[in-house]
Amino acid sequence: MSFVTDAKIVIEALEAYYRQSISREKPVIDQPALERLVTDLELAASVKAGGLSGQRLSQFIGKYLSSTTRLHHPAYLAHQVAVPHPSGALGSLIDGFTNNPMSIYEMGPGAAGIEYFVVNWLLERVGWGPAPLNPRDAGSQEYGGGVLTHGGSLANLTALVAARSRLVPGIWQEGNPPDLALLAPAECHYSIGRAAGILGIGRRGIYPLDVDEQGRILPDRLPAAERRLRADGRRAIALVANACSTPVGIYDPLQEIGEFCHERNIWFHVDGAHGASALLSKQHRHLLRGVELADSLTWDAHKLMRTPNLCAALLVRDHRTLDHAFEQEASYLFHEKDQPGFDFIHRQMECTKAGLGLRLFLVLAALGERGLAEYIEHQFQVTMEAYAYIQGLPDFECAVRPQSNILCFRFQGNDELQLRVRSGLIARGNFYLSTTVFQGRRYLRAVFMNPETSLEDIKGLIHEIRSLAAKG
Ligand SMILES: *Cc1c(COP(=O)(O)O)cnc(C)c1O
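Residues numbered from 1 in each chain as written. Predicted model: local features only at pLDDT ≥ 70, side-chain atom pairs only at ≥ 80, totals over all residues. Heavy atoms only, no water.

**Details of the packing of helix 7 (residues 152-167) against helix 9 (residues 190-198)**
Going by this rule: Axes here refer to lines fitted to C-alpha atoms; in helices the fit is confined to the stretch in contact. Angles between the N-to-C directions go from 0 to 180 degrees. The numbering of helices and of strands both runs from the N terminus, where a helix is a DSSP run of H or I of at least 4 residues and a strand a run of E of at least 2. For classification purposes, an angle smaller than 35 degrees is called roughly parallel, one larger than 145 roughly antiparallel, one from 65 to 115 roughly perpendicular, and anything else oblique. Handedness of a helix crossing follows the sense of rotation of the near helix relative to the far helix, less than a right angle counterclockwise being left-handed and clockwise being right-handed. Pairs of residues are marked as contacts when any of their non-hydrogen atoms sit within 4.5 Å. Amino acids are sorted into nonpolar (Ala, Val, Leu, Ile, Met, Phe, Trp, Tyr, Cys and Pro), charged (Asp, Glu, Lys and Arg) and polar (every other residue, Gly among them).
Direction vectors running N to C along helix 7 and helix 9 enclose 45°, while the axes themselves pass 9 Å from each other. If you check the angle between helix 7 and helix 9, you find them oblique. Between helix 7 and helix 9 lies a crossing whose hand is right-handed. Of the residues in helix 9, those in contact with Ser153, Asn156, Leu157 and Leu160 of helix 7 are Ser191, Ile192, Ala195 and Ile198. Among the residues forming the contact of helix 7 with helix 9, the class breakdown is five nonpolar, three polar and no charged.

This is the structure:
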């Protein structure tokens, strides 16, 4: 079969792509008009002709790669998506080839075994008990649980579904009672609001938590928020905190919030999609102090763990809450079958699911635990260096002192100027940033995902911004 020849073509093209990206030879972003793209890629002709292989495949790959956004480029600073480790990409390839829908053990023992392993590995990083190999052997011992999902948004939804099932055991028969609500800060990720909508709670059912000027939850104000909710005759299915927040990367005080939730018996969900990876570093894990008090934690590997899209984890302190998330009487799915392993299907929204664990596992096994911790420490360090540098400039200001690898700053001038600068950078193609609105003002937002990005890149960026702003 031509698989090996074609694979060689693809791998060599990717290798060249990587070199051109890391050396800045090609722009970090280049967005041809859709119309031109569809024509240039000769999509319709290829589909008609069939047999795309060999030389023609090589041409196609070349064109395709030239119309990608280059995450491996050191000036890639835009979104919180991993610059994938090549070993993780091999995981995606192996998974695509074998295509085992591992949600039930017999359809992918290897992939299910790896999911079991990585979920336990993550649980231990949080400080929660790993699941025993055979749940029947656990006795009365308490242990955590988890599942990998296609993204953090789905993990957040799953967490809130589990929280609701715990509060309202009859939900799967009776439907929603009218008094359900959610406690969450305004700065939470939009997937939380969306989950509330899907759960039938609605935006009006989200009671915003008071925060400080950086958007951090104020623990002293939690009792008042709960009183407001109770005064309206509502019950909280959960309280959501950020670790860290999406716009500026600030961590909520999990210990204090966790103690409050524990005392009031409110499900505590920590959205650590981006920032939970700080747990891997001895130097930074204090940012999540108290996370072990949570009931659930969302943690994306495709953000700060160098893992290709997608690989997110939803972890719970008590595995039973997740086992009963989607149905109160779900245990039949689980241990009744006489089989050598266990199924994940009852813990997740997906029916068919990719073998997501492999892409994370191969990164972990390539870098080692220490290597991954060093990566995170390096990214946080470069972010601090960039912050110190920008703070020292007379014509720039930063939104907050960063706690993670997210840095928001603005050039002197109005909101419109920040947007114009960003568009200018994108048009030139040598830097790629996002923007965010924080405290009512527009900021440029740099996320340091790429291990090759250095302070020199930031100095170059500042130079570019000044030149763009001067052009008027
Ligand atoms: C990225 C992010 C999400 C969404 O995760 P996806 O994997 O993109 O679905 C949710 N919450 C926070 C805090 C995030 O940073």
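**With respect to the pattern of salt bridges**
Where we set the bar: The rule for a salt bridge is simple: a side-chain nitrogen of Lys or Arg has to be within 4 Å of a carboxyl oxygen of Asp or Glu.
For the structure on display, the rule yields 28 salt bridges. In this structure, Glu369 and Arg125 form a salt bridge, with 4.0 Å as the shortest nitrogen-oxygen distance. Residue Glu369 is found in helix 14 (residues 356-391), and its partner Arg125 is found in helix 6 (residues 109-126); the two are separated by 244 residues along the sequence. The closest approach of N and O atoms between Arg230 and Glu226, which form a salt bridge, is 3.1 Å. One end of the pair is Arg230 and the other is Glu226, both in helix 10 (residues 222-231) and four residues apart, which spans about a single turn.

**Let's talk about the domain arrangement of the protein**
So the rule is basically this: These domain boundaries are the output of an automatic or database domain assignment. What counts as buried area is the accessible surface, traced by a 1.4 Å probe, that two parts surrender upon association, with contributions from both included. N or O atoms closer than or at 3.5 Å make up a polar contact, with two conditions inside protein: a donor-capable atom paired with an acceptor-capable one, and, for residues adjacent in sequence, both atoms drawn from side chains.
Looking at the assigned domains, one finds that the protein contains domain 1 (3-68), domain 2 (94-363) and domain 3 (368-471). On the side of domain 3, seven residues touch domain 1, which itself brings six residues to the contact. When residues of domain 1 are sorted by the area they lose upon contact with domain 3, Arg24, Val28 and Ile29 head the list and together hold 71% of the total. Put simply, domain 1 and domain 3 have one salt bridge between them. Counting across the interface, domain 1 meets domain 3 through two residue pairs in polar contact (both at pLDDT 80 or more).

**A look at the nonpolar core**
Quick reminder of the rule: As used in this record, nonpolar core signifies buried Ala, Val, Leu, Ile, Met, Phe, Trp, Tyr and Cys residues forming a set joined through side-chain atoms within 4.5 Å. Categorising residues by exposure relies on relative accessible area from a 1.4 Å probe, with only protein chains included: less than 20% of the type maximum marks a residue as buried, more than 50% marks it as exposed, and the intermediate range marks it as partly exposed.
By size, the foremost hydrophobic cluster in this structure holds 72 residues, and its most contacted members are Leu183, Leu239, Phe268, Leu297, Trp299, Met305 and Leu315. Per element, the largest residue contribution to this core is eight residues, and it comes from helix 14. Taken together, domain 2 (94-363) and domain 3 (368-471) each give at least three residues to this core, which thus spans both. Among all residues touching Leu239, those that are not within four sequence positions of it are Leu183, Leu209, Leu222, Ile257, Phe260, Cys261, Ile266, Trp267, Phe268 and His269. Counting 37 residues, the second-largest nonpolar core is a separate cluster that includes Ala112, Tyr116, Ala138 and Ile192.

**Observations concerning the packing of aromatic side chains**
In this description, an aromatic ring pair is defined by two values, namely the gap between the centres and the angle between the planes. The criterion, for reference: We call Phe, Tyr and Trp rings a pair once their centres come within 6.5 Å, taking the six-membered ring for Trp, and we label the pair stacked below 30 degrees between planes, edge-to-face above 60, and tilted otherwise. Think of it as a cone above the ring: NZ of Lys or CZ of Arg counts as a charge over the ring if it is within 6 Å of the ring centre and within 35 degrees of the ring normal.
Per the stated rule, a full pass over the model turns up 10 aromatic pairs. Relative to Tyr443, the ring of Phe438 has its centre 6.3 Å away and its plane inclined at 65°; by these criteria the two rings are edge-to-face. Of the two residues examined, Phe438 and Tyr443, each falls in the buried class. A connected cluster of aromatic rings, assembled from ring pairs, spans Tyr116, Phe342 and Phe344. Geometry around Tyr375 places Arg306 over its ring, the cationic atom sitting 5.5 Å from the centre. The aromatic ring of Tyr443 is capped on one face by Arg410, whose charged end is 5.8 Å from the ring centroid.

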